[in-house]
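# Coordinate inspection notes
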Amino acid sequence: RLSPSVLQGFTCAVASEMESERVQELAKVMKRKNVKLGEDQLSCLVKMVTLRGIPKDLDSYPKDLLLFLSPSDYAATGSCKQYFTNVGKANLDLLQRESSERKQLLLEALACLKIPGTQVNKENAKILGHLVCDLGEEYIRSSAGNLLKELSQCESFLPDQGEAVRRVISSGNTPFGPPQVWSTSTLNELTGLFPVLDHSIWQKIPKNVLNLWLKDFARDSPLSRAQLATIVEELFPSRQKRDVGCSDNLKITESVLNDDLMPIYYSPEELRACLKNVSLKNYFTKILTYPFSNEQLAVLKEKLDETYPDGYPDSLLPRLGRLASLITAEDISKWKITSADMLAALLELDLENEQAAAVISRYVALGNPLNATALNAINTKYLCVLNATLLNMIDPNNLKLASLNPSACPQLTKDILYVKAKRAFSDQHYLRSYYSLIEPYLGGAPGEDLRALSKGNVNMNVDTLVHLRRDALMSLTPAEVKGLLGINLHDLANWRNKSPIQEWAQSQKQTELDKLDVGLTGGTQEGYMNIVTPKFQPPSSAPVGTMATMLHLLPALLLSFLVML
């Protein structure tokens, strides 16, 4: 009877307290309720589910779980083709793009489907599903139009993939034909490829088809307003005379202002001319949601600045939409950001870091506190733009109600927030929930605190370990690292040749590393010393007396070293 929202709160700490069979039952419930889990949750879940062997009914588990298994793990359930059919429908973005795990999945899929070269047929493209998004440009070119339908479901493309898609489409050698003969139904099928189409392709698509598609399908399209605006730009010549007037048939009326396809009726110059004697006070909030091109938005901002020279009204600020990209620091200095709710609304506008920093500084300058509402608004997206002064203004108690993750921030930010988080959650230090609360802030934890955690069965994931403070990580022993990682210890093998684990291993005794049984090498052997070559200052920068003292002591140091040997 657990709700999806409760199941989404699944953690490794909770799972470690449960029997393996109980975790398996829980995972099957997650599949039935279509619960979406994150990478760390799934990585932990698969370890617990397979603790006593691979289940033979993997189709009863969430498809996303298969991303962390292999075709051989699935063998008792079904064929490799069936495995990759399911993987192709999973959320591939749970694995980092171009990660070794994703690359291995693709290689195994190509081997399973017996695709020897770079040409993929329609049947195999359908089986690969989302894995098509990882195919290189040579596969896209060789497969002609066989991949376009699956590629249109991809969230993003690498530059060489985008170039390959454009070449295939421009060649006309696809089931859809050349762009010159496309219809509105073609545009509907290829909507997901719009972000990679360039001007040379757009200009070949009949203007009446683009116009008709915008009128009939744009409202239900999954494209963002910015992407729709790109199409709007293609409807007008790139250059027009600046002295364009407003003809009678283009005059802006109430019906035009209420039409969300208003952008397709005006070039930027025509829009400027037709807005001259029109009041938009009652329409700004509405028309700013329309898919205007960047040039058209610049015209609207001119009108907005002319209408409100002393600063935009509070009611309009959260509704600036894509116009926010044109906002300057001078504009922000005039805003009256009087509440944390207003700050939250403004930070949802997808601002650049410099704009967000100006908004937050303006909010604080007006005497507003960085309370829980404000911190949740700043969130992980803009947390790293806060300077030390703003960070030190945060009351530790507000972290109890905020959800922050400073892992991508500068070290100073991590250090300041860890101290505050430790104080905020100090009353829960002996509870199981303490680790899940403090974990996002551990990038600023000193070694002594990590050693204390290593005794608490916390099952830290390796990604957290490798992003610890460098000096703190280097101070840990292999036994302490084992205590921190718990059931995630074997994931350390994937980092044995990567920084900072490689450097950490080199500073440990090899006999202690061997006890971890994860293949770490490079540690010091018994009876040997690691001698690190010191990085001396250039002679000219050291006082003569200091250098003389060092030279005087050198024979004694060498003698001590020989005696030790």
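Along each chain, numbering runs from 1 in the same order as the chain's sequence is written. Totals for whole chains, interfaces and linings use all residues, but because this is a predicted model, local features are given only for residues with pLDDT of at least 70 and pairs of side-chain atoms are given and counted only at 80 or more. Excluded from the side-chain calculations are hydrogens and water; all other atoms, namely the structure's heavy atoms, are used.

## Some points on a negative patch on the surface
This is how it is decided: Note on patches: the residues involved have over 30% relative accessible area and no salt bridge, like charges join within 9 Å, and the nonpolar side chains Val, Leu, Ile, Met, Phe, Trp and Tyr join within 5 Å. Note on areas: these come from Shrake-Rupley sampling with a 1.4 Å probe, and a residue is covered only by the protein chains present in the view. Salt bridges are defined by distance alone: a side-chain nitrogen of Lys or Arg within 4 Å of a carboxyl oxygen of Asp or Glu. Positive charges come from Lys and Arg alone, negative charges from Asp and Glu alone, with His and the N- and C-terminal ends not counted. Note that the charge is assigned to NZ on lysines, CZ on arginines, CG on aspartates and CD on glutamates. Under the DSSP-based scheme used, a helix requires at least four consecutive residues in state H or I and a strand at least two consecutive residues in state E, with every element numbered from the N terminus. The rule is simple: take the accessible area with a 1.4 Å probe, protein chains only, and divide by the maximum for that residue type; under 20% is buried, over 50% is exposed, in between is partly exposed.
A contiguous patch of negative charge, built from Glu 39, Asp 40, Glu 101 and Asp 463, is present on the exposed surface. Relative to the helices and strands, Asp 463 resides in helix H28 (residues 462-466). With a relative accessible area of 44%, Asp 463 lands in the partly exposed category.

## Here's the deal with the environment of Asp 415
The cut-off we apply is this: Any pair of residues with heavy atoms lying within 4.5 Å of one another is described as a contacting pair. N or O atoms closer than or at 3.5 Å make up a polar contact, with two conditions inside protein: a donor-capable atom paired with an acceptor-capable one, and, for residues adjacent in sequence, both atoms drawn from side chains.
Residue placement: Asp 415 occurs in helix H25 (residues 411-424). Using a relative accessible area of 26% as the deciding quantity, one classes Asp 415 as partly exposed. Between the alpha carbons of Asp 415 and Pro 446 there is a distance of 8.9 Å; along the sequence they are 31 residues apart. Contacts of Asp 415, omitting those with residues within four sequence positions, involve Gly 443, Gly 444 and Arg 469. Here the side chain of Asp 415 touches Gln 411 through a polar contact of 2.8 Å, side chain to side chain.

## Structural notes on the packing of helix H21 (residues 340-347) against helix H22 (residues 353-365)
Operational definition: Orientation is described by axes fitted as lines to C-alpha atoms, over the contacting stretch for helices, and by angles from 0 to 180 degrees between their N-to-C directions. In this scheme, roughly parallel covers angles under 35 degrees and roughly antiparallel covers those over 145, while 65 to 115 is roughly perpendicular and the rest are oblique. Each residue is assigned to one class: nonpolar for Ala, Val, Leu, Ile, Met, Phe, Trp, Tyr, Cys and Pro, charged for Asp, Glu, Lys and Arg, and polar for all the others, Gly among them.
Direction vectors running N to C along H21 and H22 enclose 175°, while the axes themselves pass 11 Å from each other. For the element pair H21 / H22, the angle class is roughly antiparallel. Facing H21, whose interface residues are Ala 340, Leu 343, Leu 346 and Leu 347, H22 presents Ala 356, Val 359, Ile 360 and Tyr 363. A breakdown of the residues in the contact of H21 with H22 according to their chemical character gives eight nonpolar, no polar and no charged.

## Regarding helix H15 (residues 225-234)
Of all the residues in H15, the buried ones are Leu 228, Ala 229, Ile 231, Val 232 and Glu 234. Tucked into the core, H15 has its buried residues touching helix H13 (199-202), helix H14 (207-216) and helix H19 (294-307).

## Digging into the environment of Ala 356
Assignment of secondary structure puts Ala 356 in helix H22. Spatially, the C-alpha atom of Ala 356 lies 8.5 Å from that of Leu 346, the residues being ten residues apart in sequence. Not counting residues within four places of it along the chain, the set of residues in contact with Ala 356 comprises Leu 347, Leu 351 and Tyr 382.

## Side note on the pattern of salt bridges
Taken as a whole and assessed by the stated rule, the structure comprises 23 salt bridges. For Arg 470, the salt bridge goes to Glu 503, with nearest N and O atoms at 4.0 Å. Of the two residues, Arg 470 sits in helix H29 (residues 470-474) while Glu 503 sits in helix H31 (residues 501-506), which places them 33 residues apart along the sequence. You can call Arg 470 partly exposed: its relative accessible area is 44%. Salt bridges here are not isolated pairs; linked through shared partners, they connect Asp 93, Arg 97, Arg 102 and Asp 134.

## Let's talk about the packing of aromatic side chains
Where we set the bar: Ring pairs are drawn from Phe, Tyr and Trp, using the six-membered ring of Trp, whenever the two centres fall within 6.5 Å, and their geometry is named by plane angle: stacked under 30 degrees, edge-to-face over 60, tilted for the rest. In this scheme, the term charge over a ring applies when either NZ of a lysine or CZ of an arginine sits within 6 Å of the ring centre and within 35 degrees of the ring normal.
Scanning the entire structure with this criterion turns up seven aromatic pairs. Where Tyr 290 meets Phe 292, the ring centres are 6.2 Å apart and the plane angle is 35°; that geometry is what we call tilted. The same class applies to Tyr 290 and to Phe 292, which are both buried. Ring centres of Tyr 312 and Trp 335 lie 6.4 Å apart, and the angle between their planes is 40°; this geometry places the pair in the tilted category. Separated by 23 residues along the polypeptide, Tyr 312 in the loop between H19 and helix H20 (329-332) and Trp 335 in the loop between H20 and H21 bring together distant segments of the chain. Chaining the aromatic ring pairs together yields one cluster made of Tyr 74, Tyr 83 and Phe 84. Geometry around Trp 495 places Lys 498 over its ring, the cationic atom sitting 5.1 Å from the centre.

## Topic: the state of the cysteines
Covalently bonding the sulfur atom of one cysteine to the sulfur atom of another cysteine gives a disulfide. Short version of the rule: The rule for a disulfide is simple: a pair of cysteine sulfur atoms within 2.5 Å.
If you walk through the whole model with that rule in mind, you get four disulfides. One disulfide in the model links Cys 133 with Cys 154; its S-S distance is 2.0 Å. With the S-S bond torsion at -95°, the cross-link from Cys 133 to Cys 154 turns out left-handed. Residue Cys 133 is found in the loop between helix H8 (122-128) and helix H9 (137-142), and its partner Cys 154 is found in the loop between helix H10 (148-151) and helix H11 (159-171); the two are separated by 21 residues along the sequence. The exposure classification of Cys 133 matches that of Cys 154, with both residues buried. Shown here is the disulfide that connects Cys 246 with Cys 274, its sulfur atoms set 2.0 Å apart. In this structure, the disulfide formed by Cys 246 and Cys 274 twists by about 105° around the S-S bond and is classed as right-handed. Note that Cys 246 is positioned in the loop between H15 and helix H16 (254-257) and Cys 274 in helix H17 (residues 268-274), a separation of 28 residues in sequence.

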